[in-house]
Amino acid sequence: MAIRKIRTMGDRILNKVCRPVEEMTPKIQELIEDMLETMYDAYGVGLAAPQVGMLKRIVVIDIGDENGPYVLINPVIKETSGEQTGEEGCLSVPGKSGVVTRPNVVTVEALDINMEPFILTGEGLLARAICHECEHLDGILYVEHVEGELHDVNYEEEDGE
């Protein structure tokens, strides 16, 4: 496993549409392991393959619940409901955050690490993360949804969160 470089806003790969994963290969398995390690190293809750320079439809999410981490291969959001508005940030937009409205409940169909289909329904932070990461796969950054302005994040004030 290795920590990969996280691409930041302005890198054109972040604006490209990713290709589906056709089969699990040792390279894809390694990519997923590296994505998890990279996400944890950066203290993120989600990471999409284009954020580490790979145009594959893969996201990893860990919101700190007992069921994570989640690996979603070729995810498709099937249903959304409700609404939540809150602060959102992104490892590809370091040091910034903004207010974004997302669905409060999201159901996604995806393949797991064994290329078996499954359905995941997330609420609150998990729903936000699913939406945010799936948009990366279509070349969309959260900054396109920010209500108002992006603002600087002072990490020292966020100890204990």
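Residues numbered from 1 in each chain as written. Predicted model: local features only at pLDDT ≥ 70, side-chain atom pairs only at ≥ 80, totals over all residues. Heavy atoms only, no water.

Now for the overall build of the chain. Helix and strand counts for the chain come out as two helices and eight strands. Sequence-ordered secondary structure for the chain, helices as α and strands as β, is α-β-β-β-β-β-β-β-α-β. At 15 Å, the chain has a C-alpha radius of gyration in line with the 15 Å of a compact globule built from 161 residues. Projecting the C-alpha coordinates of the chain onto the three principal axes gives extents of approximately 40 × 35 × 30 Å. In the chain, which comprises 161 residues, the proportion classed as buried is 45%. Long-range contacts, defined as pairs at least 24 residues apart, comprise 65% of the intrachain contacts of the chain with a sequence gap of at least 6. Charge centroids of the chain, computed over 13 positive and 31 negative side chains, lie 12 Å from each other. (Helix = DSSP H or I, 4+ residues; strand = E, 2+ residues; numbered from the N terminus. Rg over C-alpha atoms; globule rule 2.2 N^0.38 Å. Buried < 20%, exposed > 50% of the residue type's maximum accessible area, 1.4 Å probe, protein only. Contact = heavy atoms within 4.5 Å. Lys, Arg positive; Asp, Glu negative; His and termini not counted. Charge placed at Lys NZ, Arg CZ, Asp CG, Glu CD.)

The next thing to look at is helix H2 (residues 125–136). Between its first and last C-alpha atoms H2 spans 17 Å; for 12 residues at 1.5 Å apiece the expected length is 16 Å, and the two agree. Taking burial as the measure, the 12 residues of H2 include 11 buried ones, the bulk of the element. Turning to H2, its buried residues number three or more, namely Leu 126, Ala 127, Arg 128, Ala 129, Ile 130, Cys 131, His 132, Glu 133, Cys 134, Glu 135 and His 136. (Expected span 1.5 Å × (residues − 1).)

Turning our eyes to something else, we now look at the UniProt feature "binding site: Fe cation" (unreviewed entry) in the chain. The sites that carry the UniProt feature "binding site: Fe cation" (unreviewed entry) are, in the present numbering, Cys 90, His 132 and His 136. Considering the C-alpha atoms alone, the annotated residues occupy 47 residues of sequence yet fold into one spot, their largest mutual distance being 10.4 Å. Tracing the backbone through its elements, the reader meets His 132 in helix H2. With residues up to four places along the chain from it excluded, the contact list for His 132 reads Glu 88, Gly 89, Cys 90, Arg 102 and Tyr 142. Relative to the helices and strands, His 136 is located in helix H2. The residues contacting His 136, other than those within four sequence positions of it, are Lys 16, Cys 18, Ala 48, Pro 50, Gln 51, Cys 90 and Leu 141. (UniProt positions renumbered as here; feature names shortened; annotations may be inferred.)

Summarising the element assignment, Leu 111 is placed in strand E6 (residues 105–111). Distance from Leu 111 to Leu 47, taken between C-alpha atoms, is 16 Å for residues 64 residues apart in sequence. With near-sequence residues (within four places) excluded, Leu 111 lies in contact with Val 71, Leu 72, Ile 73, Asn 74, Glu 116, Pro 117 and Phe 118.

A few words now on the UniProt feature "active site" (unreviewed entry) in the chain. If you check UniProt for "active site" (unreviewed entry), the listed places come out as Glu 133 in our numbering. Inspection of the secondary structure puts Glu 133 in helix H2. Not counting residues up to four positions away in its chain, the partners in contact with Glu 133 are Gly 46, Leu 47, Ala 48, Gln 51, Val 59 and Ile 61. A distance of 3.3 Å separates a polar atom in the side chain of Glu 133 from the backbone nitrogen of Ala 48. (Polar contact = N/O pair within 3.5 Å; in protein donor to acceptor, adjacent residues only side chain to side chain.)

The terminal C-alpha atoms of helix H1 (residues 26–41), which comprises 16 residues, lie 22 Å apart, in line with the 22 Å expected from a rise of 1.5 Å per residue. Within the span of H1, buried status applies to Ile 28, Leu 31, Ile 32, Asp 34, Met 35, Leu 36, Thr 38 and Met 39. Next to the buried residues of H1 lie strand E1 (46–48), strand E2 (58–61) and strand E3 (70–81). Two residues or fewer after H1 comes Tyr 43, characterised by a positive phi angle close to 60 degrees.

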